[in-house]
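Inside the fold
Residue-level listing of the chains:
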Amino acid sequence: ISGSRAAFVSKVVPLASDDDVQLVVERAAGNAFLLEELIRCVAEGRGELPATALAVVQARLDALDADGRRALRAASVFGTTFWRGSVQQLLGAGPAASEIDRCLDALAAGELITPHGVSRLAGDREFGFRHVLVREAAYASLDDPDRRLGHRTAGAWLATHGATSAMVLAGHFD
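These lines cover the structure that appears in this document, whether it is placed above or below. As the structure is a prediction and not an experimental result, all values here were calculated from the model.

1. Section: the overall build of the chain
- Of regular secondary structure, the chain possesses ten helices and three strands.
- In the chain, the succession of α and β elements from N to C terminus is α-α-α-α-α-β-α-α-β-β-α-α-α.
- Across the 174 residues in the chain, those meeting the buried criterion constitute 39%.
- Across the chain, every contact between residues at least 6 apart in sequence was considered, and the portion connecting residues at least 24 apart equals 52%.
- A total accessible area of about 9,200 Å² is found for the chain, and carbon and sulfur atoms account for 55% of it.

Take a look at the structure:
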């Protein structure tokens, strides 16, 4: 099986050395998400391959522009699902709605988030993190004061936008 994975990596990244291909296959250890992210690292010529899945994702987030990183951090406060309006609320009065849309569209094009076809909130675009590791890496980049403020703001936003789960709201307000 690892031979077929190596052949796959070689086809996807034809200029990769045999050593890089072997390293990608070994580090992925059968994890399809990690395999894809490591292939992306090699294809983008990022040099040293990160050793863990979280490090791979963090390296991708570090390569984003500042607006993209801020939008992902804001979205991460909500969990794995969030809305354009929720990101805008957490980012404050700074960016315009069109700028938030541009950031979210770029993050979706970069396969970090995925737009949901149907939103649970009428009139607002709903998104999800493509993988829980993307959300975890973004959330881990927040310091404690930003997390506390973010969760209070998120709880208030959800309460005014029809969230009915007491557990979800309590989790943010706690």
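Moving on from the coordinates now.
2. Topic: the side chain of S86
- By the element assignment, S86 lies in helix α6 (residues 84-91).
- If we ignore the near neighbours within four places in the chain, the residues touching S86 are F78, D124 and W157.

3. Thoughts on the sheet that holds strand β3 (residues 126-129)
- With respect to topology, three strands assemble into an open sheet ordered β1-β3-β2, the strand pairing being antiparallel. Only two strands of the sheet have a single partner each, and these edge strands are β1 (81-83) and β2 (113-115). The mean angle between the axes of side-by-side strands here comes to 30°, regardless of whether they run parallel or antiparallel.
- Examined bridge by bridge, β2 and β3 share three bridges and lie antiparallel to one another. The partner of P115 across the bridge, within β3, is F127.

4. With respect to the pairing of β3
- With burial as the criterion, each face of β3 is covered, one bearing E126 and G128 and the other bearing F127 and F129.
- Relative to β3, β1 runs antiparallel, the two sharing three bridges. Looking at the pairing, W83 lines up with E126 of β3.

5. Some points on the packing of α6 against helix α9 (residues 144-160)
- The N-to-C vectors of α6 and α9 enclose an angle of 135°; their axes lie 10 Å apart at closest approach. The orientation of α6 with respect to α9, classified from their angle, is oblique. In this structure, the crossing between α6 and α9 has a hand that is right-handed. Contact with α6, carried on its side by G85, S86, Q89 and L90, involves G150, T153, A154 and W157 of α9 and no other residues of that element.
- Looking at the contact of α6 with α9 residue by residue, the class counts come to three nonpolar, five polar and no charged.

6. Considerations on helix α3 (residues 32-43)
- Compared with an ideal rise of 1.5 Å per residue, which puts twelve residues at 16 Å, α3 spans 16 Å between its outermost C-alpha atoms and is within 8% of the ideal.
- Buried residues dominate α3, accounting for nine of its twelve residues.
- G45 lies just past α3 and shows a positive phi near 65°.

7. Observations regarding the packing of aromatic side chains
- Following the criterion strictly, the structure yields four aromatic pairs and no others.
- Three or more aromatic residues joined by ring pairs form one cluster here, namely F78, W83 and W157.
- Between R135 and the ring centre of Y139, over which it is positioned, the NZ or CZ distance is 4.3 Å.
- Geometry around Y139 places R147 over its ring, the cationic atom sitting 4.8 Å from the centre.

8. Let's talk about the pattern of salt bridges
- Per the counting criterion, the structure on display carries nine salt bridges.
- Residue R102 is joined to D67 by a salt bridge in which the shortest nitrogen-to-oxygen separation is 3.8 Å. Residue R102 is located in helix α7 (residues 97-109), and its partner D67 is located in helix α5 (residues 66-76); the two are separated by 35 residues in the primary sequence.
- By relative accessible area, D67 is classed as partly exposed at 28%.

Cut-off values and rules
Note that residues are indexed from 1 along each chain, following the sequence as it is written. Only residues with pLDDT of 70 or above have their local features reported here, since the model is predicted, and side-chain atom pairs are shown and tallied only from 80 upward, although totals for entire chains, interfaces and linings are computed over all residues. Side-chain measures here rest on the full set of heavy atoms in the structure, leaving out hydrogens and waters. The numbering of helices and of strands both runs from the N terminus, where a helix is a DSSP run of H or I of at least 4 residues and a strand a run of E of at least 2. The rule is simple: take the accessible area with a 1.4 Å probe, protein chains only, and divide by the maximum for that residue type; under 20% is buried, over 50% is exposed, in between is partly exposed. Two residues form a contact once any of their heavy atoms are found within 4.5 Å. For every accessible area listed, the method is Shrake-Rupley and the probe measures 1.4 Å; residues are considered covered only by the protein chains on display. Should DSSP find at least two bridges between two strands, the strands are regarded as paired. All axes are obtained by fitting lines to C-alpha atoms, using only the stretch in contact for helices, and the reported angles, taken between N-to-C directions, cover 0 to 180 degrees. Throughout, the term roughly parallel applies to angles under 35 degrees, roughly antiparallel to angles over 145, roughly perpendicular to angles from 65 to 115, and oblique to all others. Should the near helix be turned counterclockwise from the far one by less than a right angle, the crossing is left-handed, whereas a clockwise turn marks it as right-handed. In this classification, Asp, Glu, Lys and Arg are treated as charged, Ala, Val, Leu, Ile, Met, Phe, Trp, Tyr, Cys and Pro as nonpolar, and every other residue, Gly included, as polar. Helix span is expected to be 1.5 Å times the residue number reduced by one. Two aromatic rings, drawn from Phe, Tyr or Trp (for Trp, its six-membered ring), form a pair once their centres lie within 6.5 Å of each other, and the interplanar angle then sorts them: stacked below 30 degrees, edge-to-face above 60, tilted otherwise. Geometrically, a charge over a ring is one whose NZ (Lys) or CZ (Arg) sits within 6 Å of the ring centre while staying within 35 degrees of the ring normal. By convention in these notes, a salt bridge is any Lys or Arg side-chain nitrogen within 4 Å of a carboxyl oxygen on Asp or Glu.

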